[in-house]
Amino acid sequence: MSVLDIIQPDNPVLRRKARRVTSFDRRFQKLVDDMIETMKEAKGIGLAAPQVAVSQRVFVARLPDDSEEAREEFGEQAGVLYVIANPKLLRVSKETEEGVEGCLSIPGFIGDVERPVAVTIRGQDRHGNALRVRAEGWLARVFQHEFDHLNGTLFIDIATDVRPIEDEEEETGESNTTA
């Protein structure tokens, strides 16, 4: 596995709608493995292929499970690795919530983003098998953040109060939506 370079908004791939995944071959499997490794190395909780300059509709996500607090906060979703190709949002809750988001492609900044608190997403797993996931809370937020990347949208496009990350926020994990 390799750690890939995470691109920033000056790279046009980040602003394009990504192409559908059509082949789940060895090359695609390596991309997924490399994305997982890159996400871990960057201490992120989500990463979309366009963030590593690959215009394919796939993202990886994993909520932390490295502490008792994380396991309590995220419950059964803590530590589960999701690989979702060709995602479609089937349902979004009417209830929304504002949360702090950051992005591996926009280091050093966070912003407040209003998002539905629950989503149901349909897509394919890393082997091309159909999957359907209902996500709530932070996982729903992460899925929506990564889904936006596949459509060329960045959190700064929809956030209010985009600001530099303060040292306290890093220490308290307040910006734990780095994706």
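Residues numbered from 1 in each chain as written. Predicted model: local features only at pLDDT ≥ 70, side-chain atom pairs only at ≥ 80, totals over all residues. Heavy atoms only, no water.

Observations regarding the overall build of the protein
Then, in step 1: Summing up its helical and strand segments, the protein has 5 helices and 8 strands in all.
Then, in step 2: Secondary structure elements in the protein, listed N-terminal to C-terminal, are α-β-β-α-β-β-β-β-β-α-α-β-α.
Then, in step 3: Here the C-alpha atoms of the protein give a radius of gyration of 15 Å, agreeing with the 16 Å that 2.2 N^0.38 yields for 179 residues.
Then, in step 4: Expressed as lengths along the three principal axes of its C-alpha atoms, the size of the protein is roughly 45 × 35 × 30 Å.
Then, in step 5: As presented, the protein carries roughly 9,200 Å² of accessible surface, and 45% of it is formed by carbon and sulfur atoms.
Then, in step 6: Charged side chains of the protein number 23 positive and 33 negative; the gap between the two group centres comes to 14 Å. (Helix = DSSP H or I, 4+ residues; strand = E, 2+ residues; numbered from the N terminus. Rg over C-alpha atoms; globule rule 2.2 N^0.38 Å. Areas by Shrake-Rupley, 256 points an atom, 1.4 Å probe, with all protein chains shown as cover. Lys, Arg positive; Asp, Glu negative; His and termini not counted. Charge placed at Lys NZ, Arg CZ, Asp CG, Glu CD.)

What to know about the nonpolar core
Then, in step 1: Membership of the largest hydrophobic core comes to 20 residues, with the highest contact counts inside it found for Phe59, Ile84 and Phe143.
Then, in step 2: Going through the elements one at a time, β2 (58-62), α2 (68-74), β3 (81-92), β6 (118-124), β7 (130-136) and α3 (137-150) are the ones with two or more residues in this core.
Then, in step 3: If one sorts the elements of this core by residue count, α3 sits on top with 5 residues.
Then, in step 4: Once residues lying within four places of it in the same chain are set aside, the contact partners of Phe143 are Phe59, Ala61, Tyr82, Ile84, Val119, Ile121, Val133 and Ala135. (Core = buried A, V, L, I, M, F, W, Y, C linked by side-chain atoms within 4.5 Å. Buried < 20%, exposed > 50% of the residue type's maximum accessible area, 1.4 Å probe, protein only. Contact = heavy atoms within 4.5 Å.)

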